[in-house]
Amino acid sequence: MTGRLDRRVILACALACAALWGCESDPARTELVVIVDSDVPELDHVEIHVDVQGQSVVRETVDLRASPLPITFGVISTSGRDRLVRVEAIGLDGGSPRVHAVRRTRFVPGESRVLVVVLEAACADRAPCDGNLTCRAGECTDDFVDPSELPRYDGELPDSGITRVDGSVLDAGPPDAGCMDDAGVVGRPEGCVLDRWPARPVCRGDTGDDGVVRYVALLDPLMDQGSDAWRMLGHDLDGLCTDPLMNDTAECRTTTGPVLDGLGGIDNATSRVLAGTRILWPTWLAEAQAFARERMREGDVVPVMRIRGWSGEPDDARVEVWVAGSVDVLHEDTPAPDGGVLEDDPSRPDPAWDGTDRAYVADGYFSVGDIGMPLIGDDDAYVAGGTLVARIPDRAPFDVAARSTGGVARMVLTDARFVGAIAADGTRFDRAMVIGRWGRNDLLGYLEDVGICPSDPDFAPLRVSIEQALDLRSDPSSTGPDLACDAISIALPFEATVPVQFGGLVRGEFSPTGCP
């Protein structure tokens, strides 16, 4: 490890390179040297938050009595891409915030640049600026710094003094032969190892395409997760291990105190609320799950995933994925639909779910019925360690079969992902789940989809339970102790996945309707 560098040395090297404009950087190195400093003498701690492309990679509090300013660390983009980086610093005096500063910029591909964040005395004891603004010289100004204006740096990255999620100390020097996330610095809350989905294996790049287009049906959703199973299902979403007995472990203001996370910071509060519905409706959750599974096994409203561009290897930095709901899944002995319309024929056999069935998905999941324009699609998904990770676009219509007038209930999530451990044969998943943030209003709309209506006498206490379980912000880039939580975390596992053949698009668009 290189040890913490003196700020004057870093700036001297960086400014010399900037002045000469002749320093050549290693093209494999795309880095930021971040320096946090202050002219407020009373500060005893500094909180540092770093986000890359909206994903939290550092949440750390530095004790200035043990590690005086300036604080210097490196952030690496091992993909070499110009990812957006946001650095927030909060100066504390006796545990109370005194001064706040934010800088946003981008990596410069193939170059090392220096980003300085100063907690200014002129900005002390005032409220943080709104939106993409920060305080400079006592005024709220744009927090974005043009990366071309950042001084170049040609030395080794300093020791960050920050730990990885596995507990090891990060040497923020050049990456080794292993694979790291797109931001090489990952924070670890004290005493907690966060349960995150695997990072993109960007150091190896896209390993190609084996030429196989795969279609997988997601079956048997696990909505009834028991009274305690929710603690072990899902992943951390907010970069925190939330504990009601500790301060500053929640990303937003809750109504009754921080909502307890599961193991490893797992965020899955929805399942805890649903488990509590047994008091109001003792059999509702189990019956709703059984109904959804039965209908899906008949071929109705089955999420069908297409995977294209995968190399077939355990690590692939880029694959293409889309998901659409089925109008029906037909047994191989059932004739294809005529004119793109599926007729309801109760005499035909149910799908065999042996890899030979043909899945016909609704054209309503695609813009203008174009298979190349999916509503739920990610052309920048990846496979890491045999696990597929795909981003679900914010507020995309993810439908699940339900006993209601419309026959479906619509989950509308933000900051959502599909995470699936690919089976050894590469045709299905051993484990698969959808995780994300469920906005309060969208969740209440879902309850109506499944027939839990505001006119029901038990609706009001259920709504209170939901309000008390809100644990996140719908927008992960808008957080803070003064902002009310407006979303609840969710993890929805699928206990069975089966390869299917793609039959094509047929006319169909699900319209959730439940309450009059």
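Note that the coordinates shown come from a computational prediction; the quantities given were computed from them, not determined experimentally.

> What am I meant to see in the state of the cysteines here?
Two cysteines joined by a covalent bond between their sulfur atoms form a disulfide. Across all of its chains, the model carries four disulfides by this definition. Cys-123 shares a disulfide with Cys-135; S-S distance 2.0 Å. For the disulfide bridge between Cys-123 and Cys-135, the dihedral angle about the S-S bond is near -85 degrees, and by the sign convention the bridge is left-handed. On the criterion of sequence distance, the pair formed by Cys-123 in the loop between β7 (112-119) and β8 (133-136) and Cys-135 in strand β8 is long-range, its members being twelve residues apart. Neither Cys-123 nor Cys-135 differs from the other in exposure class; each is buried. Linked covalently through their sulfurs, Cys-453 and Cys-515 form a disulfide whose S-S length is 2.1 Å. Since a negative S-S torsion denotes a left-handed disulfide, the Cys-453-Cys-515 link at about -100 degrees is left-handed. Here Cys-453 is found in the loop between α4 (440-449) and α5 (459-469), whereas its partner Cys-515 is found in the segment after β22 (501-506), with 62 residues between them in sequence.

> Would you explain the sheet that holds strand β6 (residues 96-106) in this entry?
Strand pairing in a sheet is mediated by backbone hydrogen bonds. Such pairs are either parallel or antiparallel. With antiparallel pairing, the four strands of this open sheet are ordered in space as β3-β2-β5-β6. Where the open sheet ends on each side, the last strands, each with one partner, are β3 (55-63) and β6. In this sheet, adjacent strand axes meet at a mean angle of 15 degrees when their direction is disregarded. In the sheet, strand β2 (residues 45-52) pairs with β3 via eight bridges, with the strands oriented antiparallel. Within the sheet, the bridge partner assigned to Val-46 lies in β3 and is Val-62.

What counts, and at which threshold
Residues numbered from 1 in each chain as written. Predicted model: local features only at pLDDT ≥ 70, side-chain atom pairs only at ≥ 80, totals over all residues. Heavy atoms only, no water. Disulfide = S-S within 2.5 Å. Helix = DSSP H or I, 4+ residues; strand = E, 2+ residues; numbered from the N terminus. Buried < 20%, exposed > 50% of the residue type's maximum accessible area, 1.4 Å probe, protein only. Pairing = 2+ DSSP bridges. Axes fitted to C-alpha atoms, helices over the stretch in contact; angles between N-to-C directions.

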